[in-house]
Amino acid sequence: MRLHALGLACLMLLLSPPTAQARPAESLEVQFRSVAVPESTVPMIAQDQAGFIWVATSKGLTRYDGYRLRPIEREGSTRAQRSLGWVRALAPARDGRMWIGTEFMGLMAYNPQRDEVQAHGSAMGSAGPKAPIRALAEDSTGAVWVGTVGQGLSRYLPAKRAFEPQDLRWQGEPESRVLALCAARDGSVWAGHWRGLSRLREGKWESITGMGKDSPVLTLAEASDGRIWLGTQDGRLGVVEGAQIRWVHTLKLPVQALAEDEPGRLWVGTKAGLLWVDMASGAIELKLRHDPRHRTGLAGNDISALLKDSSGAMWLSGYGLGLQRHQRHPALAVRGPDAEPSSPLAEIDVRSLLMLKNGEVLAPTQRGPIARLDGRPGAELATLGAWPRERDTVVEALAQDASDGSLWMASAGRLEHRRADGRLLRDWPLDGGRAQRLLLRSGGEVWLGMQEGLYRLPGARASAVERVHLAGGAPLHGGIYALIEDTDKGQLWVGGQQGLFRGRPDQLAPVIQSPRNTLGSPIIMGLLLTRDGKLWVDTPASGLHLLFDWDEQGRARFERIGERHGTEGVFGGNLHEDGQGRIWSQLNVYDPKSDQLDSIGPADGADFGTFWFFASTTLPDGSLLFGGSRGLLRVQTERYAMDSGKPPLVVSAVRADGQPFHPENLQREVVLPAGTRTLGVEFAGLDYADPGRLRYQYRLLGLDAPWTQVDGSARSPSFGPLKPGHYTLQVRVTPQPSGGRMSELELPVELLPLWWQTIWAQLAGVALLALAVAGWIRWRTRQLRRREAELQALVDERTAELREASLTDTLTGLRNRRYLELRLQDDLRLCLRRFEASSQPGADKDLLLMLLDLDHFKRINDAHGHAAGDAVLVELAERLRRVFRDTDSLVRWGGEEVLVLVRETSREDAAELAARACFAVREQPFEIGGGQQLSVTTSIGFAAFPLDPSQPRLWDWQACLGLADSALYAAKSNGRDGYVGATSADGLAPTDLPRDLEAWRVEQRLNVRISGKTVMR
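Residues numbered from 1 in each chain as written. Predicted model: local features only at pLDDT ≥ 70, side-chain atom pairs only at ≥ 80, totals over all residues. Heavy atoms only, no water.

> Before we move on, could you go through the overall build of the chain and cite the residues and values that matter?
Each helix and strand in the chain was counted, giving eleven helices and 76 strands. C-alpha atoms of the chain, sized along the principal axes, occupy 115 × 100 × 70 Å. In the chain, which comprises 1017 residues, the proportion classed as buried is 55%. For the chain, restricting intrachain contacts to residue pairs at least 6 apart in sequence, the fraction spanning at least 24 positions comes to 54%. In the form shown here, the chain has an accessible surface area of approximately 44,700 Å², with 50% of it arising from carbon and sulfur atoms. Between the averaged position of the 121 positive side-chain charges in the chain and that of its 123 negative side-chain charges there is a distance of 2 Å. (Helix = DSSP H or I, 4+ residues; strand = E, 2+ residues; numbered from the N terminus. Buried < 20%, exposed > 50% of the residue type's maximum accessible area, 1.4 Å probe, protein only. Contact = heavy atoms within 4.5 Å. Areas by Shrake-Rupley, 256 points an atom, 1.4 Å probe, with all protein chains shown as cover. Lys, Arg positive; Asp, Glu negative; His and termini not counted. Charge placed at Lys NZ, Arg CZ, Asp CG, Glu CD.)

Next up, the structure:
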């Protein structure tokens, strides 16, 4: 009797509303994304009007566009002369400039129109040293307040370029050490200094009472309600109310940075971590410190600056912390692991979830225990303990019977039926591998989707689990990933590896699809019946689909929504509908009303590891919960607004002929000096949450008509050669998936003509001395083209330094195929442009394609081992570098095959160059280690491009490559250790290229070069 009463009490406890054992806020993670900065040291950050994030580092001042930290420097011939040094004060100006406070160079300003740093001096003028600037603030009149250590406070008037020293005093004594400034919206100016706080009101400085004792004020911030908050060196946090200070907290640690996040919440950066403070009550909502166990947590504790950017995101910086961005979305939160080792969620890897009637969430873990979480609104998924179960096997799928509260679980090849208190009522053996879906039908049947096949238990009294067969009698094979019931029609929908099925339980049949409106993939990962009766389908290749109609023959017609929006892969598998009719998964949300699809991920604060299929549930307040390898993702769908913002699109740098160029007004027009041949630009969409999702299109109207599509790694295109005239740079940026949110930018470009390029000069030259002018123009053109090639080589070299790791073969140091793909089209276009402009473009303007293959290389590997083969390849690369120029491209094309692209050469020199390469390989034996040497030879096939100068586009790159390959095999057939190649063609079509050595010898339409002889036609 006592045992029965104890069991009844336990049952009542489990069915009653849960009581949390942990503070709700502690269960949800606060996530940050780190930006790599030198030495992880950032004393100050700010954002300018264009949206760039300014980052002061230990190596100098930089500007961040989401991709890289661009150094901001003054003019100078050396790095030391260009560096602005240690910067601890930044202030964005309303006119787009950024005011910069230096340690010993006084006040500086970056002018975005000219893309340059300008010096503004100091209150001391040119006399004496300039004091370190610790604080800057621009007021509503455009004046800049400058706080220094040693020379006090000044007001700088940019229009007059004049400093006005301020008579700042504390208790009658001058105060020259200003550490913090704040220009308030009401026109007052606040100065935090070594001994307290002062305010400028109606032209007079006054001390604020309530300091209690002299203490340096390190930081000031104006809240949205107009109140001024301050932090001190001795660790006090206060707020100004009226004419005196009310101290909110004494933290005993320096308070170094303040910023308001959402209205009413103050971020407080200290020397030992971050605090969130409720500004109304003063209560500390959260304390954050660096924890090495949390990969997305604070990177350090010594916080030097806080910033709320224009999108509302919070940034923080510090010493040993670097730069971090708060990854947060109001609708998303991650429930991380518990700190207590004994907790069932100490290691949080949850692959199935169930919402109980009493508001609890059951979360089976990969270790075996089932965690009980508080799913009620406001409880923040706090851990309630472990759900009682005597077995430690992993629960793969589970469901609750609405009629009696009992639970059904699939685990380790058993189907378990348990009471709500965990007591096992009965279990049955299961076939089919791992359980993936478990469905309780209204009639008491239990349906299970397994790794192999579909099964059902007719009822709790049934003796065995049965395999489900299709209407024709054959069993349903393959994995079952989706299983739902249409209770109105009394039929089931089943999806898996074999496709989509529907019907009554004993009449399941494949869903026949209309040929014009099929699913993008035959595999079904998720199914959802929405309240309006529509069926939504998720597939692994094409994402989300909608069954929108049936044709006259009863075949299903599907709309490929995922493909239309440009999403890649699965929509998420775990499909849910929210109160607004939107379709959700842990990866995406789709709004059928607006036809907009948004992706969600780590950039939104949803970093919960690898998501798991079959792990999701709906909480009592309508929120969604998804399981992952490192946490649970909670989505409060009612707080989610579809993203309608467009990322700001800016031009961040300009190059003329490969060198940095500072236009007069970068924001309005770029005027290039006469003689400029190439224009380079760098642009960026300022999406700091996830710049990797941005896709760009660009073109230079007047030179290029089609759009070029690139990702963020190719944001620095070059255009040329340019002729004098007017152009328009057009750039577009679109997040993926786009949802139609495209930002566009247009920048006029004018290239001024040289004097001899003007109409009057050309007419006068023709009238006075036509022949002389023609000769001079030819000479000048050659000079400009030579300079163009030199500058292009310089640009290629600098670009190569950045991409070296991904463009170089690790064994030989030669280039790889990706490098050739990036460079090839530019080389081909330049060469074709020259030949199409003139049938005789001049000497050394050809491209040569050479394929080199080591003779009998397989014998080296077989006889001496792969290490010997590798040694031969490394030495081969060195010898080829001595034969070919730095401007030529040596590409490891295959195992022992090397492709050489020879630029700016004459096709008549091809045979000589091939012979030199053969000689370089043959000349000396190869060292293969252990004191051994091998004699190695090579065979070469080559072709000139364009092969037919009279028809430059007849032989494209692939055709020339095929011709060179054929020549290589002909060289092999000719006894090896030699070359075969073609320097030109006359009327030969690519389809007629010679296939063997004899064909090469007799082909009349090719100018052929064969080692040992020349076949001239």
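> Can you explain the nonpolar core? Please cite residues and give values.
Among the nonpolar cores identified, the biggest contains 37 residues, and Leu899, Trp955, Trp957, Leu963, Trp1000 and Leu1006 are the most heavily contacted of them. The biggest single contributor to this core is helix α10 (residues 957-973), with ten residues. Of all hydrophobic cores here, the second largest spans 35 residues; its members include Val883, Val898, Phe942 and Tyr979. (Core = buried A, V, L, I, M, F, W, Y, C linked by side-chain atoms within 4.5 Å.)

> Break down the environment of isoleucine 583 for me, citing the residues and quoting the values.
With respect to the helices and strands, the residue isoleucine 583 is situated in strand β53 (residues 583-584). Dropping the residues within four chain positions of it, isoleucine 583 is found in contact with Leu528, Thr530, Trp536, Leu544, Phe571, His576, Asn588, Val589, Tyr590 and Pro592.

> Can you lay out the pairing of strand β42 (residues 454-457) for me, pointing to particular residues and giving the numbers?
Pairing geometry for strand β41 (residues 446-450) and β42, over four bridges, is antiparallel. Considered in β42, the bridge of glycine 449 is made with leucine 454. Counted along the chain from β41 to the antiparallel partner β42, the turn is three residues long, and its residue glycine 453 has a positive phi close to 100°. Sheet topology note: the β42/strand β43 (residues 466-467) ladder contains two bridges and is antiparallel. Directly across from tyrosine 455, in β43, lies its bridge partner arginine 467. (Pairing = 2+ DSSP bridges.)

> So what's going on with helix α8 (residues 866-883)? Which residues, and what values?
Between its terminal C-alpha atoms α8 stretches 26 Å, which fits the 26 Å expected from 18 residues at 1.5 Å a residue. Every buried residue belonging to α8 is among Ala868, Gly869, Val872, Leu873, Leu876, Ala877, Arg879, Leu880 and Val883, and all of these are buried. (Expected span 1.5 Å × (residues − 1).)

> I'd like a description of a nonpolar patch on the surface, backed by residues and values.
Among the surface-exposed residues, Trp776, Ile777 and Trp779 lie close enough to one another that they form a single nonpolar patch of about 280 Å² accessible area. For tryptophan 776, the location among the structural elements is in helix α5 (residues 759-807). (Patch = residues over 30% accessible without salt bridge, like charges linked within 9 Å, V, L, I, M, F, W, Y side chains within 5 Å. Salt bridge = Lys/Arg side-chain N within 4 Å of Asp/Glu carboxyl O.)

> Which residues make up the sheet that holds strand β37 (residues 407-411), and what values do they have?
The pairing of strands in a sheet comes from backbone hydrogen bonds and takes either a parallel or an antiparallel form. Across the sheet, which stays open at both edges, the four strands sit in the order β36-β37-β38-β39 with antiparallel pairing between neighbours. Bordering the open sheet on either side are β36 (395-400) and β39 (424-429), each of which pairs with just one other strand. With direction set aside, neighbouring strand axes in the sheet form an average angle of 15°. The pairing of β37 with strand β38 (residues 414-418) spans five bridges and is classified as antiparallel. Within β38, the residue paired with serine 411 across the bridge is arginine 414. (Axes fitted to C-alpha atoms, helices over the stretch in contact; angles between N-to-C directions.)

> Tell me about the packing of α8 against helix α9 (residues 910-923), and please be specific about residues and values.
Running from amino to carboxyl end, α8 crosses α9 at an angle of 145°, the nearest separation of the two axes being 9 Å. Handedness of the α8/α9 crossing: right-handed. Between α8 and α9, the residues in contact are Leu876, Arg879, Leu880 and Val883 and Leu913, Arg916, Ala917, Ala920 and Val921, respectively. Looking at the contact of α8 with α9 residue by residue, the classes come out as seven nonpolar, no polar and two charged. (Left-handed = near helix turned anticlockwise from the far one by under 90°. Nonpolar A, V, L, I, M, F, W, Y, C, P; charged D, E, K, R; others polar.)

> Describe the packing of aromatic side chains, naming the residues involved and giving the relevant values.
Any pair of aromatic rings gets described here by the distance separating the centres and the angle formed by the planes. Enumeration according to the criterion identifies 21 aromatic pairs in this entry. Members of the aromatic cluster, each reached through a chain of ring pairs, are Tyr67, Phe683, Tyr696, Tyr698 and Phe719. The side chain of arginine 63 reaches across the aromatic face of phenylalanine 52, ending 3.8 Å from its centre. Over the aromatic face of tryptophan 612 sits the side chain of arginine 351, whose NZ or CZ is 3.7 Å from the ring centroid. (Phe/Tyr/Trp six-rings, centres within 6.5 Å; stacked < 30°, edge-to-face > 60°. Lys NZ or Arg CZ within 6 Å of the ring centre and 35° of its normal.)

> For the sheet that holds strand β59 (residues 649-656), give the residues involved together with the corresponding values.
Here we have four strands laid out as an open sheet, ordered β60-β59-β62-β65, and antiparallel in their pairing. Edge strands, defined here as strands with exactly one partner in the open sheet, are β60 (659-660) and β65 (718-719). Relative to β60, β59 runs antiparallel, the two sharing two bridges. Pairing of alanine 656 across the sheet is with glutamine 659, part of β60.

> Requested: an account of the environment of leucine 519, with residues and values cited.
Summarising the element assignment, leucine 519 is placed in the loop between β47 (509-510) and β48 (526-529). Taking the C-alpha atoms as reference points, leucine 519 and leucine 544, separated by 25 residues in sequence, lie 9.4 Å from one another.

> Residues and numbers for the side chain of arginine 441, please.
Mapped onto the fold, arginine 441 is located in the loop between β40 (435-440) and β41. The exposure class assigned to arginine 441 is buried, which follows from its relative accessible area of 15%. Those residues in contact with arginine 441, other than ones at most four positions away along the chain, are Trp447, Glu485, Gly490, Leu492 and Pro505.

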